[in-house]
Amino acid sequence: MEELDLLKKAWQKDSHSFEQVSEGEIYKMLHKNSSSIVKWILIISIIEVLFWTAISVIYNTDEYMKKLHAENMIVYFKALNFINYAVILFFIYSFYKNYIKISTTVSTKQLMKDILRTRKTVKYYVWYNLAMIVVSLIAGFIIAFAYNPKMEMLKDKIANETNYHTLCFTVGIMLLTIAVFVGLFWLFYRLLYGILLRKLNTNYKELKKIDL
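Residues numbered from 1 in each chain as written. Predicted model: local features only at pLDDT ≥ 70, side-chain atom pairs only at ≥ 80, totals over all residues. Heavy atoms only, no water.

*Asks:* What exactly am I supposed to notice about the nonpolar core here?
*Replies:* The nonpolar side chains of soluble globular proteins are, as a tendency, buried together. Formed by 35 residues in total, the largest nonpolar core has its most connected members in I41, I115, V122, L130, Y193, L200 and L207. For this core, the secondary-structure elements that each account for two or more residues are α2 (16-58), α4 (74-104), α5 (108-147), α7 (165-192) and α8 (194-211). Per-element accounting of this core gives the leading share, 10 residues, to α5. Ignoring sequence-local partners within four residues, the contact set of L207 consists of Y27, L30, T108, L111, M112 and I115. (Core = buried A, V, L, I, M, F, W, Y, C linked by side-chain atoms within 4.5 Å. Buried < 20%, exposed > 50% of the residue type's maximum accessible area, 1.4 Å probe, protein only. Helix = DSSP H or I, 4+ residues; strand = E, 2+ residues; numbered from the N terminus. Contact = heavy atoms within 4.5 Å.)

As C-alpha cells, then:
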C-alpha cells in the first residue's frame, strides 16, 4: 500500500494533468487491492470450514450420543449439521461471486457497490456463525442435562428444591459459559475478518473521493 499512499499524496497536488493520470492509477491499485482482500476472505472461509469439518470427524457427535444413550437425538443433530453446511456453502459461494464481480468490474461506482455488498455478506456470515455457536451450546447443555448419568444428582436436587437456587445457579453458569464462548469467537472473527473489512472500507472511502 506504500505505492498507493504516494500516489494519493501526489494526486492531491494542483496539477490537472497529473491528477488525471494518478486518478486512474489509484483506481487500478484500489481495484487490485480490493480483489485481493475478497480473495483472502474466500480462502479463510474455506479453511475455516475444513477446520471445523476435521474437528467434527475427530470428535464424533454420533458416538457421544450413543454413549449417553441418546440415539434418538442423532437424527436432529444430523439435520442441524446438514442445514448448517448448506448455509455455510451458500456464504462461501457468495464470497466467490463477490470476488469474481470485484475482479472483473471496470466501473468505480460498481466497485464501490461490490465492496459494500462484500462487507455486508461477511457481517451476515459472522453473525450467523455466532448464532450457530449459541444454538449448539444450548443444545449441548440440554442433552448433557437430560441424558448424562452424572447429572442425576443435580436433577434430583433441582426437583426437590422450592427456592430454585440450584436451578438459577445452573442456568447462570450455562449463560456465562455461552457468553464467554461467544465473546471469544466474536474476538476471533473481529481479528480475522475485521482487519480485512477495515481495509475494504478504506478502499471504499478512497474510491468515493475519486468518484466525486
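That covers the picture; the talk isn't over yet.
*Asks:* It is not clear to me how the packing of aromatic side chains should be interpreted in this structure. Could you clarify?
*Replies:* The geometry of an aromatic ring pair comes down to the distance between the two centres and the angle between the two planes. Following the criterion strictly, the structure yields nine aromatic pairs and no others. Ring geometry for F51 versus W52: centroids 5.2 Å apart, planes at 70 degrees, classification edge-to-face. Of the residues examined, F51 reaches a relative accessible area of 47% and is grouped as partly exposed. We classify W52 as partly exposed; its relative accessible area is 37%. (Phe/Tyr/Trp six-rings, centres within 6.5 Å; stacked < 30°, edge-to-face > 60°.)

*Asks:* Explain the pattern of salt bridges here, please?
*Replies:* Note that side chains of opposite charge can pair when their charged atoms are close. As enumerated under the stated definition, the model contains two salt bridges in all. Among the ionic pairs, D114 bridges to R117, the shortest N-O distance being 2.7 Å. Highlighted residues: D114 and R117, both in helix α5, separated by three residues, approximately one helical turn. Using a relative accessible area of 2% as the deciding quantity, one classes D114 as buried. In this structure, the salt-bridge partner of E152 is K155, at a minimum N-O distance of 3.2 Å. Of this pair, E152 and K155 both sit in helix α6 (residues 152-160), separated by three residues, roughly a single helical turn. Owing to a relative accessible area of 39%, E152 belongs among the partly exposed residues under this scheme. (Salt bridge = Lys/Arg side-chain N within 4 Å of Asp/Glu carboxyl O.)

*Asks:* What's the story with the packing of α6 against α7 in this structure? I'm lost.
*Replies:* Each packed pair of helices is defined by two parameters, the angle between the axes and the distance between the axes. The interhelical angle for the contact between α6 and α7, taken along N-to-C directions, is 130 degrees, at an axis separation of 7 Å. One finds that α6 runs oblique with respect to α7. When α6 is examined against α7, the residues L154, K157 and I158 are found in contact with a partner set consisting of T166, L167 and T170. The residue makeup of the contact of α6 with α7, split by class, is three nonpolar, two polar and one charged. (Axes fitted to C-alpha atoms, helices over the stretch in contact; angles between N-to-C directions. Parallel < 35°, antiparallel > 145°, perpendicular 65-115°, else oblique. Nonpolar A, V, L, I, M, F, W, Y, C, P; charged D, E, K, R; others polar.)

*Asks:* Would you mind going over the environment of Y99 with me for this structure?
*Replies:* By secondary structure assignment, the location of Y99 is in helix α4. Overall, Y99 belongs to the partly exposed group, its relative accessible area being 22%. Among residues more than four places away in sequence, those in contact with Y99 are S35, V38 and K39.

*Asks:* Explanation requested: a nonpolar patch on the surface in the structure shown.
*Replies:* On the surface, a nonpolar cluster with roughly 650 Å² of combined accessible area is contributed by W127, L176, V180, L184, W186 and L187. No other element matches α7, which puts five residues into the nonpolar patch. (Patch = residues over 30% accessible without salt bridge, like charges linked within 9 Å, V, L, I, M, F, W, Y side chains within 5 Å. Areas by Shrake-Rupley, 256 points an atom, 1.4 Å probe, with all protein chains shown as cover.)

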